[in-house]
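Analysis of the macromolecular model
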Amino acid sequence: MLHEYLERKRRDSVALYNATGACHICGSSCRNKRGFSHAMECESSRPSSSGGPGSAGSCAFVSDRVHSDGYGDGDSMVPRADRSAMKVCPCFDQGEDDPDYSPYSIRVCEMCIKNDANVGRILHCGMCGVVACDEDCGPVMYECTDHEKWNNAGCVECRSKSDFSELPLFRDRPPPGGAPRATRVCERCLAAATPWVRHDFECRVFRCRRRLVPSDVVEYKRARRFGSSPLNVLPEDGLVAIAGYLSGAELRSLFQTCSALCRVAERVARDRSVASAGLLPAGPIVETKRKDGFGQSRDWLYFEGTAGHDVRAPDDQKVWVGVHHFIQKVTRDVFYFDFQMSGPGADDTAVERFLQRESRFAFGGAYVRPGRAEARTLDHLVPYAGPTPGLVVRGGTVHVTESNALATPVAMTSDVPLPPAGRVRLIVRIFVPGSGGPRPTRDVEHYKLGSVGLVRTGQVPSESAPLAPPVQWAVRSDLVENWLKEDVVAGVDYDAGAGTLVVHSNSHTSRLTRFQAHTTQVDAGAPGELYLAAQLLPKAAGTVQSILSVREVADDAEWSRFLDHVALEGTHLVRPAPA
């Protein structure tokens, strides 16, 4: 705000300034780069052949129509001064019945704003140029300061300074051709320049709510506007194609640091986010804390799954770059990528490659156990049409959004049958919030979280097997609650040529068996088709935000790294020899 004396003087003369259209600071209506206009007061007279008034030597060439600014019109030999552009605050010229009306609204010329550089008595945004008459007028203004948040020294007023020129950072003259430092920036400009990172903070003085922002951050953004970048000469579609090769972290860094490529990074992030739709639960995005099975507080990021749409901008985040960043973080956790992206030889782009795959594992069928009167065997299954309230199936995930979602376990099968030849390797993860921790025993049904195995469909009863059901479990392995963590992870290795199914799991029933590998023979030549199946049992299905996920392993190197990681979770057990 203006100095107290100058503001009082302006308010006393505001009616006169508004009537004459003058600037409220300098009182002139035609101030320009050459300074104030000079008043030319001369009597208007018509040219005559005789001497005297109006003859040559006096004001013979000045028109009798003299403007208030002192310059003639029409045939005057004195060029008329360019009227300075005036800037007004948002509440200027409002009626008294308007809720935004203020009798002390401000109008200021460009020269006064230029002279106010490094002083800051006029509330003026250094990026978009908007002005305000006070702190309650127009957009919120953030005050530039010479310290970072960790070394916050307070605003100019709380530091007992009359204006910004008393701070050494603003007192220095700008370099030749450079602009003086901005003293304030509006909230919209700061959010547009740095939409991902909040650089503003409150004044350190108690009860002072003024928001501050480091001056270096504002100047860094002012010097990198999109219109002045040499990248502007390139077509945007070409830049999008180039930026499409960047990883998620590089794309986010590009968006934060290069104003010229903000729109390009936003388009790439939007395309990637839309392409991964249907893979994860729906929004909104939730960042909170929870307690694990040991009572320890942990940060928790997840998609709640209650919205009617996938996560998107601006509903869940202001920009698509932020949405894509959260998709990557949740994908890394849900589909168990942490072992690949941490430690020696970490693969930072594993999640990005997974999201860009054209085909991914997905569930396509659901089966339940029939009633006792209809059941032919213990593994008999019948198709289930649903729907099941509180259970959301999307792609390769099963998400619990309500407690006690399942009255009976539902076996979810893959959308395509397993191939008759070759090898299929998948990673299955069941996460149950609050599970894990010390328990008296682990061999009871209560601690079973789910099952994984193979389901055979299309069987026809024969003389040798008259009770053979059309759909049944061919192989099933239960996954028991973990001792040390809230999730259970299993690696499923199906070899159609050898007719074997190996389940590598960190599921265990005691402290001494933290690694298990179960090998089961599968009759691949039997009638029907085999599908991979997984299910959530009542303990997992009764806990909100439990999630089951399945993804296919890309190559042998990834599978080998997974086996090494699972084996290391044991105290003295080592990875078994490959079958």
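Nothing here was measured: the structure is a model prediction, and the numbers come from that model.

**Notes on the sheet that holds strand S15 (residues 410-414)**
Read across the open sheet, the six strands follow the order S12-S11-S15-S22-S17-S18; overall the sheet is antiparallel. With one partner strand each, in any of the chains shown, strand S12 (382-383) and strand S18 (471-480) form the two edges of the open sheet. Sheet topology places strand S11 (residues 363-368) next to S12; two bridges connect them, and they run antiparallel. Each residue of the ladder has a partner; that of Val368, found in S12, is Val382.

**Some details on the sheet that holds strand S7 (residues 201-202)**
Read across the sheet, four strands follow the order S6-S5-S8-S7 without closing on themselves; strand pairing throughout is mixed. What marks the edges here is a single partner per strand, and that holds for strand S6 (184-186) and S7. The strands touched by helix H6 (residues 215-222) within the sheet are strand S5 (141-145), S6 and strand S8 (211-214), with S8 carrying the most contacts at an inclination of about 60°.

**Side note on the pattern of salt bridges**
One pass over the structure, following the stated rule, counts 26 salt bridges. Glu157 serves as the salt-bridge partner of Arg210, at 3.3 Å between the closest nitrogen and oxygen. In this pair, Arg210 is assigned in the loop between S7 and S8 and Glu157 in the loop between S5 and helix H4 (168-171), connecting sequence segments 53 residues apart. Using a relative accessible area of 18% as the deciding quantity, one classes Arg210 as buried. You can call Glu157 exposed: its relative accessible area is 55%. Notably, a salt bridge pairs Glu202 with Arg211, separated by 3.8 Å at the nearest N-O pair. Linked through salt bridges whose partners overlap, the residues forming this network are Asp200, Glu202, Arg209 and Arg211.

**Let's talk about the side chain of Arg290**
Assignment of secondary structure puts Arg290 in strand S9 (residues 285-291). In contact with Arg290, not counting residues within four places along its chain, are Gln296, Ser297, Arg298, Trp300, Phe431 and Glu486.

**Some remarks on the nonpolar core**
Residues Leu280, Phe303, Ile327, Phe335 and Phe337 are the most contacted members of the largest nonpolar core, which totals 39 residues. At the level of secondary structure, the elements contributing two or more residues to this core comprise helix H7 (236-243), helix H8 (248-257), helix H9 (262-275), S9, strand S10 (297-303), helix H10 (320-334) and helix H11 (350-355). Take this core: its biggest share by element is seven residues, from H10. Those residues in contact with Leu280, other than ones at most four positions away along the chain, are Phe303, Asp310, Ile327, Val330, Thr331, Val334, Phe335 and Arg394.

**Topic: the confidence of the model for the protein chain**
Confidence along the protein chain averages 78 in pLDDT terms, with 77% of residues attaining 70 or more. Note on residues 33-73: pLDDT is under 50 here. Beyond four places in sequence and across chains, it has 49 contacts. Within the model, the stretch residues 570-579 combines pLDDT values under 50 with 15 contacts to residues more than four positions away or in other chains.

**Some words on the environment of Val119**
Note on placement: Val119 falls in the loop between helix H3 (110-115) and strand S3 (123-124). Judged by its relative accessible area of 18%, Val119 falls in the buried class. For the pair formed by Val119 and Arg181, sequence separation is 62 residues and the distance between their alpha carbons is 9.8 Å. Apart from residues no more than four positions distant in its own chain, Val119 is found in contact with Asp163, Phe164, Ser165 and Thr183.

**Details of the pairing of S9**
Along any regular strand the residues' side chains alternate between the sheet's two faces. One ladder, built from seven bridges, connects S9 with S10; its direction is antiparallel. Paired with Ile285 across the bridge in S10 is Phe303. Hairpin connection from S9 to S10: five residues lie between these consecutive antiparallel strands, with Gly295 at a positive phi of about 80°.

**Quick notes on the environment of Met341**
Within the element layout of this structure, Met341 appears in the loop between H10 and H11. Met341 has contacts with Arg332, Ala346, Asp347, Asp348, Ala350 and Val351, leaving out every residue within four places of it along the chain.

**A short note on unusual backbone geometry**
Following Gly283, the chain continues to Pro284 via a peptide bond in cis, the omega torsion being 0°. Tracing the sequence through the fold places Pro284 in the loop between H9 and S9. Each neighbour pair has its own omega, and for Ala313 with Pro314 the value is 5°, a cis peptide bond. Structurally, the position occupied by Pro314 is in the loop between S10 and H10. A positive phi is found at Asn118, a non-glycine position, where the angle reads about 65°. One can find Asn118 in the loop between H3 and S3.

What counts as what
Residues numbered from 1 in each chain as written. Predicted model: local features only at pLDDT ≥ 70, side-chain atom pairs only at ≥ 80, totals over all residues. Heavy atoms only, no water. Pairing = 2+ DSSP bridges. Helix = DSSP H or I, 4+ residues; strand = E, 2+ residues; numbered from the N terminus. Contact = heavy atoms within 4.5 Å. Axes fitted to C-alpha atoms, helices over the stretch in contact; angles between N-to-C directions. Salt bridge = Lys/Arg side-chain N within 4 Å of Asp/Glu carboxyl O. Buried < 20%, exposed > 50% of the residue type's maximum accessible area, 1.4 Å probe, protein only. Core = buried A, V, L, I, M, F, W, Y, C linked by side-chain atoms within 4.5 Å. pLDDT = per-residue confidence, 0-100.

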